[in-house]
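Read off the chains here:
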Amino acid sequence: SLKVWINGTLFDKAEARVSVYDHGLLYGDGVFEGLRSYGGKVFRLEDHIHRLYASARSIHLEIPMARDELGEAVVSTLKVNNLADGYIRLVVTRGAGSLGLDPRKTSDPQVIIITDSISLYPAELYEHGLKIVTAGTIRNHPAALNPRVKSLNYLNNILAKIEGTNAGCLEALMLNHQGHVAECTGDNIFVVMHGVVHTPSVDSGILEGITRQAVIDLARDTGLTVVERTMDRHDVYTADECFLTGTAAEVIPVIECDARPIGDGRPGPVTKDLHHRFHSLVRGEPLA
Ligand SMILES: Cc1ncc(COP(=O)(O)O)c(CNc2cccc(C(=O)O)c2)c1O
């Protein structure tokens, strides 16, 4: 059965546990990363580890391991589980402590590496596209828990996700505190207008997605102009194409937002091309 790595020890999935006094459970006090491996190679491992340590630093949590040590633990856990194409969840909690909030009363941050498989959206939606709705729940205000911190506090995103599923959609668009477009509950958003690619800038109150950056680089490498800017729903409604990016989602077309068809209501050519290029990139295949 699958083994889970916790603070250097491998546990059977059924025996992998943390204390009920862990502040990760009690308060969502911790950080995490979601990574994928393709053909045994972890995509952008260093970038994910860098973001994990940045998120930890931001919440004043010291990860009791060196970055390269943690990277090696990820790769070895993947190998132990014989997962060539796997999804990796990397979690660091504040650790167990008193029932009060005070992190000074905790000890032993739990460093957890889960490797498994994941499929966020049904395969046919990569062919036919996803419908999304705008959630009333906005993305975290940057002066509160900054949305660039990938923390265990995902209730904000979950509330928006519930609004999406209540509306019959598998994903929901979230605005920021100024009412501009930020991202979806678990992926970044892109639109294509007259052959130009647009995506909310990092200062729009978003998670700085690693897939987002890879797709921006891919698009620019193929000669497309990519603009990172402040965006509104009008830009989504009037776009020729729209797609989402994320480690779990990869690159998935959006064909409708708030019951408005995007373009002709079908995945567009730029979206399909970037999807295929991303597929080749993560598998280390030469780009056409
Ligand atoms: C809010 C948010 N924005 C963008 C992304 C994509 O970032 P990367 O390109 O670096 O992966 C994420 C990460 N996406 C994510 C994380 C955890 C769970 C789920 C889920 O939908 O179940 C999704 C995310 O949670």
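Every value quoted in this text rests on a predicted model; they were computed, and no experiment measured them.

Caption draft 1: Quick look at the overall build of the protein chain. The helix and strand tally for the protein chain stands at eight helices and 17 strands. In summary, the protein chain has a C-alpha radius of gyration of 19 Å against a globular reference of 19 Å for 288 residues, a match within 12%. Overall, the protein chain is about 55 × 40 × 30 Å in size when its C-alpha atoms are taken along their principal axes. Across the 288 residues in the protein chain, those meeting the buried criterion constitute 51%. The long-range fraction of contacts in the protein chain, counting pairs at least 24 apart against all pairs at least 6 apart in sequence, stands at 68%.

Caption draft 2: Examining the pairing of strand β12 (residues 188-193) more closely. For β12, a buried count of six out of six residues is recorded, marking the element as mostly surrounded by other parts of the structure. Alternating residues of β12 divide into N188, F190 and V192 and I189, V191 and M193, and every residue in both groups is buried. Direction of pairing for β12 relative to strand β15 (residues 241-246): antiparallel, over a ladder of five bridges. Residue pairing across strands places N188 opposite T245, the latter belonging to β15. Linking two consecutive strands that pair antiparallel, namely β12 and strand β13 (residues 196-200), is a turn of two residues; a positive phi of about 45° is found at H194 within it.

Caption draft 3: Spotlight on helix α8 (residues 269-282). Along its 14 residues, α8 runs 20 Å from first to last C-alpha, staying within 8% of the 20 Å computed at 1.5 Å per residue. The complete set of buried residues in α8 reads V270, T271, L274, R277, F278, S280 and V282. Where the residues of α8 are buried, they touch β3 (30-38), β12, β13, α6 (210-221), β15 and β16 (250-257). Residue G284 follows α8 closely and has a positive phi angle near 65°.

What counts, and at which threshold
Residues numbered from 1 in each chain as written. Predicted model: local features only at pLDDT ≥ 70, side-chain atom pairs only at ≥ 80, totals over all residues. Heavy atoms only, no water. Helix = DSSP H or I, 4+ residues; strand = E, 2+ residues; numbered from the N terminus. Rg over C-alpha atoms; globule rule 2.2 N^0.38 Å. Buried < 20%, exposed > 50% of the residue type's maximum accessible area, 1.4 Å probe, protein only. Contact = heavy atoms within 4.5 Å. Pairing = 2+ DSSP bridges. Expected span 1.5 Å × (residues − 1).

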